[in-house]
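# Examination of the molecular architecture
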Amino acid sequence: MNNETAPDPTLAGFRKSIDNIDAALIHMLAERFRITKAVGEYKATSHLPASDPGREERQIARLRALATEADLDPEFSEKFIRFVIDEVIRHHMQAKNGK
């Protein structure tokens, strides 16, 4: 006897949409990091600092406002963008150190 139930078409549709969104997010993050890699290389060759705290704070404020407008938790959006910014700064430090 098979204990599996028939797939729920509504749930399957939701999951397919989620999978598509996840794929788009990955592609968008990859493109963002391609650009920030170029920024890091530019900063390294131009002897600029790896981070720009003023820009980071403006970006966080801007994205928190966008999150609020989009009905997304601004705390979550800030945690997410801070994670991305920290990773970008790490890459910029590596470029500065010639790695």
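Residues numbered from 1 in each chain as written. Predicted model: local features only at pLDDT ≥ 70, side-chain atom pairs only at ≥ 80, totals over all residues. Heavy atoms only, no water.

### Here's the deal with unusual backbone geometry
You will see that His47, though not glycine, has its phi angle at about 60°, which is positive. Structurally, His47 can be placed in the loop between helix 1 (9–45) and helix 2 (53–69). Since its relative accessible area comes to 71%, His47 is described here as exposed. (Helix = DSSP H or I, 4+ residues; strand = E, 2+ residues; numbered from the N terminus. Buried < 20%, exposed > 50% of the residue type's maximum accessible area, 1.4 Å probe, protein only.)

### Brief notes about the environment of Ala67
As for its placement among the helices and strands, Ala67 is situated in helix 2. Overall, Ala67 belongs to the buried group, its relative accessible area being 6%. Separated by 27 residues in the primary sequence, Ala67 and Gln94 have C-alpha atoms spaced 31 Å apart. Every residue in contact with Ala67, bar those within four places of it in the chain, is listed here: Leu72, Asp73, Pro74 and Ser77. (Contact = heavy atoms within 4.5 Å.)

### So, helix 2
The end-to-end C-alpha separation of helix 2 is 24 Å, in line with the 24 Å expected for 17 residues at 1.5 Å each. The complete set of buried residues in helix 2 reads Glu56, Gln59, Ile60 and Ala67. Buried residues in helix 2, looked at end-on, bunch into an arc of 100°, giving them a common side. For helix 2, the exposed residues set more than 90 degrees away from the buried face come down to Arg58, Thr68 and Glu69. In this structure, the buried residues of helix 2 make contact with helix 3 (74–96). Count one or two residues on from helix 2 and you reach Asp71, which has phi positive near 65°. (Expected span 1.5 Å × (residues − 1). Arc of directions from axis to C-beta.)

### Details of helix 1
Here helix 1 spans 54 Å end to end across 37 residues, near enough to the 54 Å set by a 1.5 Å rise per residue. Taken as a whole, helix 1 has its buried residues at Thr36, Gly40 and Lys43. In the core, the buried residues of helix 1 are packed alongside helix 3. The residue sitting at the N-terminus of helix 1 and contributing the capping side-chain oxygen is Asp8; that oxygen lies 2.9 Å from the backbone nitrogen of Thr10. (Polar contact = N/O pair within 3.5 Å; in protein donor to acceptor, adjacent residues only side chain to side chain.)

### Topic: the environment of Ala61
In this structure, Ala61 sits in helix 2. C-alpha of Ala61 to C-alpha of Glu78: the two residues are 17 residues apart in sequence and 8.4 Å apart in space.

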